[in-house]
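Structure at a glance
Below are the chains, spelled out letter by letter.
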Amino acid sequence: MIYKNSTLNNNWTFLSDIKQKSRLPNALLFHGSDGIGKECTAIEFAAYVNCQQESVESACGQCSLCSKIKSNNCEYIDYIFPLPKGKIKTKKDSMSKSFTEKTLTEYNYELKEKLLNPFHSISISGANTILINSIREIKKKLYRSTDSGIQKIVIIFEAEKLCHPNQEAANSLLKILEEPPSNSTFILVTSKSSLLLDTIKSRCIEVFFQKPSISQFDMYNNLNPSSINLYKLLDGNIKNLKKLTDSHINQIEDFIKNYHIGIRNKNIDLKLISYMSKLFKTENFLFQCFIQGMKHYYKDILNLNIDNEKYECTFKFLNSYKIEPNKKTFDCIDIIEQFEKDVLIKLNLDLSLFNLFHNLKASS
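Residues numbered from 1 in each chain as written. Predicted model: local features only at pLDDT ≥ 70, side-chain atom pairs only at ≥ 80, totals over all residues. Heavy atoms only, no water.

1. Details of the overall build of the protein
Basically, it comes down to this: Strands are runs of DSSP state E lasting at least two residues, helices are runs of H or I lasting at least four, and both sets are numbered from the N terminus onward. Throughout, radius of gyration means the C-alpha value; the globule benchmark is 2.2 Å times the number of residues raised to the power 0.38. To sort residues, take the accessible area from a 1.4 Å probe on protein chains only and compare it with the maximum for the residue type: under 20% means buried, over 50% means exposed, and anything in between is partly exposed. Contacts between residues were defined by any pair of non-hydrogen atoms, one from each residue, lying within 4.5 Å. Surface exposure here means Shrake-Rupley accessible area, sampled with a 1.4 Å probe, where a residue is shielded only by the protein chains that are shown. In this charge count, Lys and Arg are treated as positive and Asp and Glu as negative; neither His nor the chain ends contribute. Just so you know, the charge point we use is NZ for Lys, CZ for Arg, CG for Asp and CD for Glu.
Counting its regular elements, the protein contains 15 helices and five strands. Whereas a compact globule of 364 residues would reach a radius of gyration of roughly 21 Å, the protein reaches 23 Å, a difference of no more than 12%. With respect to the three principal axes, the spread of C-alpha positions in the protein is 70 × 50 × 35 Å. Across the 364 residues that make up the protein, the buried fraction comes to 51%. Long-range contacts, defined as pairs at least 24 residues apart, comprise 72% of the intrachain contacts of the protein with a sequence gap of at least 6. Here the protein has roughly 18800 Å² of accessible surface; of this, 48% comes from carbon and sulfur atoms. Here the protein contributes 48 positive and 40 negative side-chain charges, whose respective centroids are spaced 4 Å apart.

2. Thoughts on a nonpolar patch on the surface
What counts is decided by this rule: Every patch collects residues that have over 30% relative accessible area and no salt bridge, joining them within 9 Å if they carry like charges and within 5 Å if they are nonpolar side chains (Val, Leu, Ile, Met, Phe, Trp, Tyr). What counts as a salt bridge is simple: a side-chain nitrogen of Lys or Arg found within 4 Å of a carboxyl oxygen of Asp or Glu.
Taken together, the side chains of Leu-270, Leu-351 and Phe-354 present a nonpolar region at the surface, about 320 Å² in accessible area. Within the secondary structure, Leu-351 is located in helix α15 (residues 349-363).

3. Examining helix α11 (residues 246-264)
The line we're drawing: A helix's residues, less one, multiplied by 1.5 Å, set its expected span.
The end-to-end C-alpha distance of α11 is 27 Å, a good match for the 27 Å that 19 residues give at a rise of 1.5 Å each. Within α11, burial applies to His-248, Ile-249, Ile-252, Glu-253, Phe-255, Ile-256, Tyr-259, His-260, Gly-262 and Ile-263. Packing partners of the buried residues in α11 comprise α9 (230-233), α10 (238-243), α12 (270-282), α13 (284-304) and α15. Positive phi appears at Lys-266, one or two residues downstream of α11, with a value of about 55°.

4. Some points on the packing of α12 against α13
Just so we agree on the cut-off: Whenever a helix is involved, its axis is fitted only over the stretch in contact; in every case the axis is a line through C-alpha atoms, and angles between N-to-C directions fall within 0 to 180 degrees. Any angle between 65 and 115 degrees counts as roughly perpendicular, while under 35 counts as roughly parallel, over 145 as roughly antiparallel, and the rest as oblique. Gly falls in the polar group here, along with every residue not listed as nonpolar (Ala, Val, Leu, Ile, Met, Phe, Trp, Tyr, Cys, Pro) or charged (Asp, Glu, Lys, Arg).
Across the interface, α12 lies against α13 with an axial gap of 6 Å and an inter-helix angle of 130°. Judged by the angle between their axes, α12 and α13 are oblique. Of the residues in α13, those in contact with Tyr-275, Met-276, Leu-279, Phe-280 and Thr-282 of α12 are Asn-284, Leu-286, Phe-287, Phe-290 and Ile-291. Considered class by class, the residues forming the contact of α12 with α13 number eight nonpolar, two polar and no charged.

5. So, the nonpolar core
The tendency in soluble globular proteins is for nonpolar side chains to be buried side by side. The line we're drawing: In this description, a nonpolar core means a group of buried Ala, Val, Leu, Ile, Met, Phe, Trp, Tyr and Cys residues linked to one another through side-chain atoms lying within 4.5 Å.
Membership of the largest hydrophobic core comes to 52 residues, with the highest contact counts inside it found for Ile-252, Met-294, Tyr-298, Leu-356, Phe-357 and Leu-360. Of all the secondary structure elements, the ones that give two or more residues to this core are α9, α10, α11, α12, α13, α14 (329-344) and α15. In terms of residue count, the dominant contributor to this core is α13 (twelve residues). When residues no more than four places from it in sequence are discounted, the contact partners of Ile-252 are Ile-228, Leu-233, Leu-244, Leu-286, Cys-289, Phe-290 and Phe-315. By size, the runner-up hydrophobic cluster in this structure holds 45 residues, among which are Ile-18, Ile-36, Ile-69 and Leu-111.

6. Here we look at helix α1 (residues 12-20)
Rules: Working note: the arc is built from the helix axis to C-beta atom directions.
Those residues of α1 not exposed but buried are Trp-12, Leu-15, Ser-16, Ile-18 and Lys-19. Looking straight down α1, one finds that the buried residues subtend no more than 165° of arc, so they occupy a single side. Immediately beyond the C-terminal end of α1, within one or two residues, lies Ser-22, with a positive phi of roughly 55°.

7. Brief notes about the packing of aromatic side chains
Under the convention used in this document: Aromatic rings from Phe, Tyr and Trp, with only the six-membered ring used for Trp, were paired whenever their centres fell within 6.5 Å, and each pair was classed as stacked if the ring planes differed by under 30 degrees, edge-to-face if by over 60, and tilted otherwise. By the criterion adopted, a ring carries a charge over it if an Arg CZ or a Lys NZ lies within 6 Å of its centre and within 35 degrees of its normal.
Enumeration over the complete set of coordinates arrives at 16 aromatic pairs. Their ring planes at 5° and their centres at 4.2 Å tell us that Phe-255 and Phe-290 sit as a pair that is stacked. Residue Phe-255 is located in helix α11, and its partner Phe-290 is located in helix α13; the two are separated by 35 residues in the primary sequence. Here the aromatic residues Phe-255, Tyr-259, Tyr-275, Phe-290, Tyr-297 and Tyr-298 are joined through ring pairs into a cluster of three or more. Geometry around Phe-157 places Lys-114 over its ring, the cationic atom sitting 5.7 Å from the centre.

8. Some words on a positive patch on the surface
Taken together, the side chains of Lys-91, Lys-92, Arg-136, Lys-139, Lys-140, Arg-144 and Lys-175 define a basic patch exposed on the protein surface. If one sorts the elements of the positive patch by residue count, helix α5 (residues 132-142) sits on top with three residues. Along the chain, the position of Lys-92 falls in the loop between β2 (77-80) and α4 (101-116).

Now the structure itself:
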């Protein structure tokens, strides 16, 4: 295997079968929740397809081809993900114009980290879309002849960004999928398949990834025991689990306990809004954990009143409370989800935070 101690998911039987029977499609679409191993599986499968050890059920991780993949030096596997435009001015420009010295350093570092850590999130400064130039360049490469028996694999991370903020890259990819070059397979990986063009999805074999089981999730948990149910808080997202620290957990628990006291006493003030605004800019991951924590706080309150004895709270300290939900408790979850949408479309953060806490105070 490419990744040490990697746990192959339930889709591996299907993927192994199409490889063993030499029925590789021109395009696969790996979709499901974020952080559950789709990207890891794409890389493992790309290696397995061309692994020189025919008898094994996954990539051997040791042959010359597997070694090249691990060192990011394999000519038969390409990775596409969002990049900044740099000096690119037209769709015919070479991708080399996208790279400054800083971007190239970031690019090499991010890919190296990805091949070391399956749950590393690739992120390049100033990148928010997949460029049409990336698709056009890979098209030229795919139509060149290769060694007999070799399958060329193109893995597209964050595939939904083929379509946003415009559809140029998506339309270019669609033309390739309509007349695919021989011995080539695209693997599109996304947590937001609804944003992909239907015409692209119709040309892919879809592979849906379920959330990991609690036991699978816990295999990646090296944190100290805590009073927070991390599987619930993170919705089974292993990628976020790997980002989490013991310090984060303590801060999340303190925040929710203080929020519980404040919201019960209707004591939510501008200091909290200022604190959250600063946190958004300095520690965005922790900010997101706080928002998810608030959402689970209200879910705990609702579920405790349905089955107080059997329900396991996300925040265990709530098990000792009997908090009666009111008619507006459901609204609190909707209010938080609306705030998440506001942040996504980059509305004024301070105003959105003010509306969030004002509406939560009124509904609690």
